[in-house]
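A look at the structure
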Amino acid sequence: MLSIQNQIVLITGASSGIGAACAKVFANAGAKLILAARRLERLQELADEVSKNFTTDIHLVQLDVRDRTAVESAISTLPPSWSEIDILINNAGLSRGLDKLHEGDFQDWEEMIDTNIKGLLYLTRYVVPGMVKRDRGHVVNIGSIAGHQTYPSGNVYCGTKAAVRAISEGLKQDLLGTPIRVSSVDPGMVETEFSDVRFHGDSDRANKVYQGVKPLTPDDVADVVFFCVTRPSHVNINEVVLMPVDQASATLVNRRN
Ligand code: NDP
Ligand code: 8X3
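Throughout this description, residue numbers start from 1 for each chain and increase along the sequence as written. Just so you know, chain letters begin at A and ligand numbers begin at 1, following the order they were written in. At least 70 in pLDDT is required for a residue's local features to be given in this predicted model, at least 80 for side-chain atom pairs to be given and counted, and no such filter applies to totals for whole chains, interfaces and linings, which use all residues. With hydrogens and water stripped out, all remaining heavy atoms of the structure feed into the side-chain values.

1. Notes on the sheet that holds strand S6 (residues 181–187)
Strand order in this open sheet of seven strands is S3-S2-S1-S4-S5-S6-S7, and the pairing throughout is parallel. Looking at which strands have only one partner, the edges of the open sheet turn out to be strand S3 (58–62) and strand S7 (239–242). Within the sheet, the average angular offset between the axes of one strand and its neighbour, ignoring direction, is 15°. Pairing between two strands is assigned when DSSP locates at least 2 bridges connecting them. Only DSSP runs of H or I covering at least 4 residues are called helices, and only runs of E covering at least 2 are called strands; the numbering of each starts at the N terminus. In the sheet, strand S1 (residues 8–12) pairs with strand S4 (residues 87–90) via three bridges, with the strands oriented parallel. Its bridge partner lying in S4, Ile 11 is registered against Ile 89. To get an axis, fit a line to the C-alpha atoms, keeping to the stretch in contact for a helix; angles then go from 0 to 180 degrees between the N-to-C directions.

Listed below in structure tokens is the structure:
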């Protein structure tokens, strides 16, 4: 197993769900963490909790990944001791709405495309050149089962995750000949704030998504991310699809009640 002790890990969308779980798993393994998201107070709470349990260096960055200038500035102004990022976890992402395409909301579409595709691209574009220069690095993109299977009314969200899948594949091809690794970790249902965000804070509707099902937890996904980055350096895990035992495809879910 490759050690990630003292490796610098940048996690986007670390203020909640899968990103926050990744922060804990990596802190436990002795990594140095750059945690990014829009909600700085949530990042601070996470940093306080992590620091109680682990001796780890944490650097917080308030960042909206949709803002290209802000991403460029966040990366280029990192203090020297934080600037050599070893592992980039492109996790920030969201779904907005669950509407038929011909009835969809333009603002929802733009938010998903700008965050899930363009934000991921900006981070990658500003971080990977340093990895190439240093001859080391690993990019982990959080995709989704939605990138493999489109479901009714999932249209644009599924499109963004299909794009993530294609971008991961493209990045792997373009980095061929370098030691930099690229992985896509593509979960099915994970209980996080994801559905609350999708349904614009309608928590009754969000809770129904997980009713009668034992979904994945954010920790389950973080475990897989950790597995990918700790393989020997000649091993690249290209893509992992993981889902709950209660889920067989994007739409085929076993509900116990
Ligand atoms: P959460 O809503 O719990 O977390 C999403 C994270 O993304 C938050 O930390 C949020 O932080 C951050 N984020 C959203 N927009 C932006 C932005 N513009 N700039 C910076 N950060 C942003 O959901 P999950 O943990 O479930 O989602 C994480 C990833 O996993 C997403 O890419 C999602 O598509 C993917 N995924 C989720 C699944 C699920 O069932 N939950 C299944 C498959 C994939 P903040 O609001 O503070 O900026
Ligand atoms: C999140 C999982 O099935 O709600 O990507 O799209 S799903």
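Back to the write-up after that little detour.
2. Digging into the nonpolar core
In this description, a nonpolar core means a group of buried Ala, Val, Leu, Ile, Met, Phe, Trp, Tyr and Cys residues linked to one another through side-chain atoms lying within 4.5 Å. Three labels apply to residues, based on accessible area from a 1.4 Å probe with only protein chains included: buried if under 20% of the type maximum, exposed if over 50%, partly exposed otherwise in between. Counting residues in hydrophobic clusters, the biggest one holds 36 residues, and the most contacted among them are Ile 11, Phe 26, Leu 33, Ile 89 and Val 185. Only S1, helix H1 (17–28), strand S2 (32–37), helix H2 (40–53), S4, strand S5 (138–142), helix H8 (218–229) and S7 provide two or more residues apiece to this core. Counting residues per element, this core draws most heavily on H1, which supplies eight residues. Sequence-distant contacts of Leu 33, defined by excluding residues within four places in its chain, comprise Val 9, Ile 11, Ala 23, Phe 26, Ala 27, Asp 57, Ile 58, His 59 and Trp 82. Among the nonpolar cores identified, the runner-up in size contains 24 residues, and Ile 8, Val 71, Val 127 and Leu 171 belong to it. Contacts are assigned to residue pairs that have any heavy atoms within 4.5 Å of one another.

3. Some points on the pattern of salt bridges
Here, a salt bridge means any Lys or Arg side-chain nitrogen found within 4 Å of an Asp or Glu carboxyl oxygen. All told, the structure shown has 10 salt bridges when counted by the stated rule. The shortest N-O distance in the salt bridge between Arg 66 and Asp 64 comes to 2.7 Å. For Arg 66, a relative accessible area of 30% puts it in the partly exposed group. Look at Asp 64 and you get partly exposed, because its relative accessible area is 24%. If you follow the salt bridges from partner to partner, you end up with Arg 39, Arg 42 and Glu 193 in one network.

4. Let's talk about the environment of Ala 14
With respect to the secondary-structure elements, Ala 14 resides in the loop between S1 and H1. For Ala 14 and Gly 147, which are 133 residues apart along the polypeptide, the C-alpha to C-alpha distance reads 22 Å.

5. Brief notes about helix H5 (residues 155–174)
How far a helix is expected to stretch is found by multiplying one less than its residue total by 1.5 Å. The end-to-end C-alpha separation of H5 is 28 Å, in line with the 28 Å expected for 20 residues at 1.5 Å each. What H5 keeps buried is the set Val 156, Tyr 157, Cys 158, Thr 160, Lys 161, Ala 163, Val 164, Ser 168 and Leu 171. Residues of H5 that are buried in the fold lie against helix H4 (106–134), S5, S6 and helix H6 (194–198).

6. Details of the site of ligand 1
By convention in this text, a residue qualifies as near a molecule or strand provided that one of its non-hydrogen atoms is within 4 Å of it. In the vicinity of ligand 1 lie 29 residues, with Ser 15, Ser 16, Arg 38, Tyr 157 and Thr 192 positioned nearest. Two N or O atoms count as a polar contact when they lie within 3.5 Å, although within protein this holds only if one can serve as hydrogen donor and the other as acceptor, and sequence-adjacent residues are included solely when both atoms are side-chain atoms. With respect to ligand 1, the side chain of Asp 64 contributes an N or O atom lying 2.9 Å from a nitrogen atom. Only H1 and H5 provide two or more residues apiece to the shell around ligand 1. Class assignment for the residues of the shell around ligand 1 results in 12 nonpolar, 11 polar and six charged. All residues other than Ala, Val, Leu, Ile, Met, Phe, Trp, Tyr, Cys, Pro, Asp, Glu, Lys and Arg, Gly among them, are scored as polar; the first ten of these are nonpolar and the last four charged.

7. As for the packing of aromatic side chains
The pairing test for Phe, Tyr and Trp rings, Trp by its six-membered ring, is centres within 6.5 Å, and the orientation test on the planes gives stacked under 30 degrees, edge-to-face over 60, and tilted for anything in between. Under the definition given, this model contains three aromatic pairs. Considering the side-chain rings of Phe 26 and Phe 226, the 5.5 Å spacing of their centres and the 75° angle between planes classify their relative orientation as edge-to-face. With Phe 26 in helix H1 and Phe 226 in helix H8, the pair connects residues that are 200 residues apart, well separated along the chain. Take Phe 26: its relative accessible area is 0%, and that puts it in the buried class. The buried category is assigned to Phe 226, whose relative accessible area is 15%.

8. Description of the site of ligand 2
Taken together, Ser 144, Ile 145, Ala 146, Tyr 151, Tyr 157, Phe 194 and Arg 198 are the residues near ligand 2. Ser 144 places a polar side-chain atom, nitrogen or oxygen, 2.5 Å from an oxygen atom of ligand 2. Tyr 151 has a polar side-chain atom sitting 2.5 Å from an oxygen atom of ligand 2. Residue burial considers only the protein chains on display, and all accessible areas are found by Shrake-Rupley using a 1.4 Å probe. Starting from 240 Å² of accessible surface for ligand 2 in isolation, the protein chains cover 84%. Residue classes in the shell around ligand 2 are distributed as five nonpolar, one polar and one charged.

As far as function goes, none of this settles anything; it's purely spatial.
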